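# Reading the structure
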Amino acid sequence: MYTVKKILKAVIILIIVLWVAFFGIILYAVITDYKPAEKISIEENRTPVILNESDEISLMTWNIGYCGLDDKMDFFYDGGTRVRPSREAYEANLEAVTAFLKENDTLDFIFLQETDRKSKRSYKTDQFDIIKKKLNAGSSQFAINYDVFFVPVPPSDPMGKVFSGIAIYGQTAPSTSDRYAFPGTYGFPKQLFMLDRCFLVNRYPLENGKELILVNTHNEAFDPGNIRKEQMEYLKGFLLDEYSKGNYIIAGGDWNQTPPDFKPQFGKNKVNTSQMALQDGYLPAEWKWGFDSTVPSNRTVTTAYNPEVTATTVIDFFLLSPNIGEFSVRCIDLGFKNSDHNPVIMKVKLKTAGQ
C-alpha cells in the first residue's frame, strides 16, 4: 500500500509539474508575443538612385524553406512528422541554395521567403546575412514574419525558437522599405505560436516622377481559407491605391494559392488538386499574373519527394499592374532537392509614354 501511495504521489506531482510548465509557456508566450504595428519602416534613403522606366527589370522569387525542407524531408504541419534534417543535410542545403543565388546575382532583385535568422530548425545560423554576403548585395531588407521564443510542437521534437522572415536583395537601394502587417489571426492560444504574416514593400523613384513598387509577399498557408481571403482583400486595397497614383507595381512571392485560371501542364508531376485557388476577378482584367504553368513551384511535404507520387502545384508567382508591359516568366526545375519550392524568374519592361 505504501508503494502505491508513493507512485500515486509521484504521478500527481508529475501532472502538476506538467500543468505548471504548460501554463508557464503560455504566460511567457503572451508576454513576449510579437505584435508588430500595421506599418513598420525598415529603411529610408534620402538620395536614392532614380531608375529609367525604359530599362528591363529582372526578378526572382524563391521560398527557400529555411534550407531545411529538402527532397528527403517531410514536415509535421503538412502531415509529416519532422521539423529539420540532420546538421550535415542542412548545411548541404544552405550551400546549394546560396550557390544557386550566386549564379543568378545578375538579377536586379531577389525575393526570398522563409529566411531564418538564428532559429533552432536551421541550427541558429543567420541565413539572411550569409546570403547577403554571398550575393555581395548592395541593398538588402528583411521583414520579420515569425518570432516565437519556443514553438512546443511537435511534442516529440519541438520546433523551439523561431526567428524568420522575408527578404529583398538587390544592388539598387530603395527610397523606402516598409513592412505591412496582414490582418487575420488564429484563435488563442494557437496564435501565439504561428506566423505574423506580412508583405515587404520597396519603393524606387523613376525618371518620369512615378515609383516602381516591389512587393514581396508570403501569405497564410494553414487556415481553411478565411484568413487568406482577408489578407488578399487587404493587399488588394494597397495595390489599387498605389496604381491610382500612377505607380508601377510588381508583387511576387509565395501566395499559398494558385493563380487565377491556372491550368497545369506539368507532364511528369502529379497535380495537387486540393490547393486553394485565387478566383477570377480578384483585380480588374488589365492586371496580369506572371506564372509558369509547365513546372511546379511547390510540393506537398507529407512525405519525402517522389515525382511520380508527390502532389505539386504553382503557388509562387508574380502580379503585375496594367502599366507593366512585356514580361516573361519561367520556373526553374531544381527537383525540390534543397527546398520544397522551386525558384521563379521573371523579366519585365514598364510601359512608357505612348505605349
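These lines cover the structure that appears in this document, whether it is placed above or below. (Residues numbered from 1 in each chain as written. Predicted model: local features only at pLDDT ≥ 70, side-chain atom pairs only at ≥ 80, totals over all residues. Heavy atoms only, no water.)

## Considering the sheet that holds strand β10 (residues 270-271)
- Overall, mixed pairing links the 3 strands, which are arranged β10-β13-β12 in an open sheet. With one partner strand each, in any of the chains shown, β10 and β12 (298-299) form the two edges of the open sheet.
- Summarising the sheet, β10 and strand β13 (residues 311-313) pair through 2 bridges and their orientation is parallel. Bridge pairing in β13 links Val271 to Thr312. (Pairing = 2+ DSSP bridges. Helix = DSSP H or I, 4+ residues; strand = E, 2+ residues; numbered from the N terminus.)

## Some thoughts on the pattern of salt bridges
- Here the structure, examined in full by the defined rule, presents 15 salt bridges.
- Here Lys268 makes a salt bridge to Asp333, at a shortest N to O gap of 3.8 Å. Linking Lys268 in the loop between β9 (248-254) and β10 with Asp333 in the loop between β15 (324-331) and β16 (344-350), this pair joins segments that are 65 residues apart in sequence.
- A residue is classified by how much of its surface remains accessible, and Lys268, at 56% relative accessible area, is exposed.
- Among the charged side chains, a salt-bridge network with shared partners connects Arg203, Glu211, Asp241, Glu242 and Lys245. (Salt bridge = Lys/Arg side-chain N within 4 Å of Asp/Glu carboxyl O. Buried < 20%, exposed > 50% of the residue type's maximum accessible area, 1.4 Å probe, protein only.)

## Some points on the side chain of Asn216
- As for its placement among the helices and strands, Asn216 is situated in strand β8 (residues 211-218).
- Using a relative accessible area of 0% as the deciding quantity, one classes Asn216 as buried.
- At 3.2 Å, the side chain of Asn216 and the backbone oxygen of Leu112 are in polar contact.
- Here the side chain of Asn216 touches Gln113 through a polar contact of 2.9 Å, side chain to side chain.
- Apart from residues no more than four positions distant in its own chain, Asn216 is found in contact with Phe111, Leu112, Gln113, Ile166, Ala167, Ile168, Cys198, Phe199, Leu200, Gly252 and Gly253. (Polar contact = N/O pair within 3.5 Å; in protein donor to acceptor, adjacent residues only side chain to side chain. Contact = heavy atoms within 4.5 Å.)

## Brief notes about empty space enclosed by the protein
- All chains considered together, the criterion is met by 2 cavities of 30 Å³ or more.
- In this structure, the largest cavity spans a volume of roughly 70 Å³.
- What lines the largest cavity is simply Asp105, Leu107, Asp108, Ile110, Leu135, Ala137, Tyr169, Gly170 and Gln171.
- Grouping the amino acids of the lining of the largest cavity by side-chain chemistry returns 5 nonpolar, 2 polar and 2 charged. (1 Å grid on protein atoms, 1.4 Å probe; cavity = no way out; pocket = protein on both sides within 12 Å on 5 of 7 lines; lining within 4 Å. Points joined across faces, edges and corners; volume = space filled by probe spheres on them. Nonpolar A, V, L, I, M, F, W, Y, C, P; charged D, E, K, R; others polar.)

## Details of the environment of Asn342
- The topology assignment puts Asn342 in the loop between β15 and β16.
- When the C-alpha atoms of Asn342 and Arg299 are compared, they prove to be 8.9 Å apart, with 43 residues separating the residues in sequence.
- Once you skip the residues sitting within four places of it in the chain, Asn342 turns out to touch Trp62, Val295, Pro296, Ser297, Cys331, Ile332, Asp333, Leu334, Gly335 and Phe336.
- Within the structure, Asn342 has its side chain in polar contact with the backbone nitrogen of Leu334 (distance 3.1 Å).

## Details of the sheet that holds strand β2 (residues 56-63)
- Taken together, 6 strands build an open sheet; the order of strands is β4-β5-β3-β2-β16-β15 and the sheet is mixed. In the strand order of this sheet, the two ends are held by β4 (139-151) and β15, each with one partner. Going across the sheet, the axis of each strand differs from the next one's by a mean of 15°, ignoring polarity.
- Here β2 pairs with strand β3 (residues 109-116) via 5 bridges, running parallel. If you follow Leu59 over to β3, its bridge partner there is Phe109.
- Across the sheet, helix α2 (residues 87-103) touches β2 and β3, and the angle it forms with β2 is around 175°.
- Taken strand by strand, helix α3 (residues 127-135) contacts β3, β4 and β5 (160-170), and its axis lies near 150° from that of β3. (Axes fitted to C-alpha atoms, helices over the stretch in contact; angles between N-to-C directions.)

## Observations concerning the environment of Phe109
- Inspection of the secondary structure assignment puts Phe109 in strand β3.
- Since its relative accessible area comes to 4%, Phe109 is described here as buried.
- For the pair formed by Phe109 and Ser244, sequence separation is 135 residues and the distance between their alpha carbons is 24 Å.
- Contact partners of Phe109, with chain neighbours within four places excluded, come to Ile57, Ser58, Leu59, Met60, Tyr169, Gly170, Thr172, Tyr204 and Leu214.

## What to know about helix α4 (residues 226-244)
- In a regular helix each residue adds 1.5 Å, so 19 residues correspond to 27 Å; α4 covers 27 Å between its end C-alpha atoms and thus fits that length.
- Taken as a whole, α4 has its buried residues at Ile227, Arg228, Gln231, Met232, Leu235, Phe238, Leu239 and Glu242. In a view along the axis of α4, the buried residues occupy a sector of 125°, so they form one face of it. For α4, the exposed residues set more than 90 degrees away from the buried face come down to Asn226, Lys229 and Ser244.
- Turning to α4, the residues buried within the fold contact β6 (176-181), β7 (198-205), β8, β9 and β14 (316-320). (Expected span 1.5 Å × (residues − 1). Arc of directions from axis to C-beta.)

## Brief notes about the layout of surface pockets
- There is about 570 Å³ of room inside the largest pocket.
- Together, 32 residues line the largest pocket, and Asp78, Ala221, Phe222, Asn256 and Asp340 are the ones closest to its centre.
- Of the residues that constitute the lining of the largest pocket, the class distribution is 12 nonpolar, 12 polar and 8 charged.
- Approximately 260 Å³ is the volume found for the second largest pocket.
- As for the second largest pocket, its lining consists of 18 residues, and the residues nearest its centre are Phe182, Gly184, Thr185, Leu195 and Asp196.

## Brief notes about α3
- Buried within α3 we find Gln127, Phe128, Ile131 and Leu135. The buried residues of α3 occupy an angular sector of 100° when projected down its axis, which confines them to one face.
- Residues of α3 that are buried make contact with α2, β3, β4 and β5.
- Where α3 begins, one side-chain oxygen reaches toward the backbone nitrogen of Phe128, 3.3 Å away; that side chain belongs to Asp126.
- Of the residues one or two after α3, Asn136 is the one with positive phi, at around 55°.

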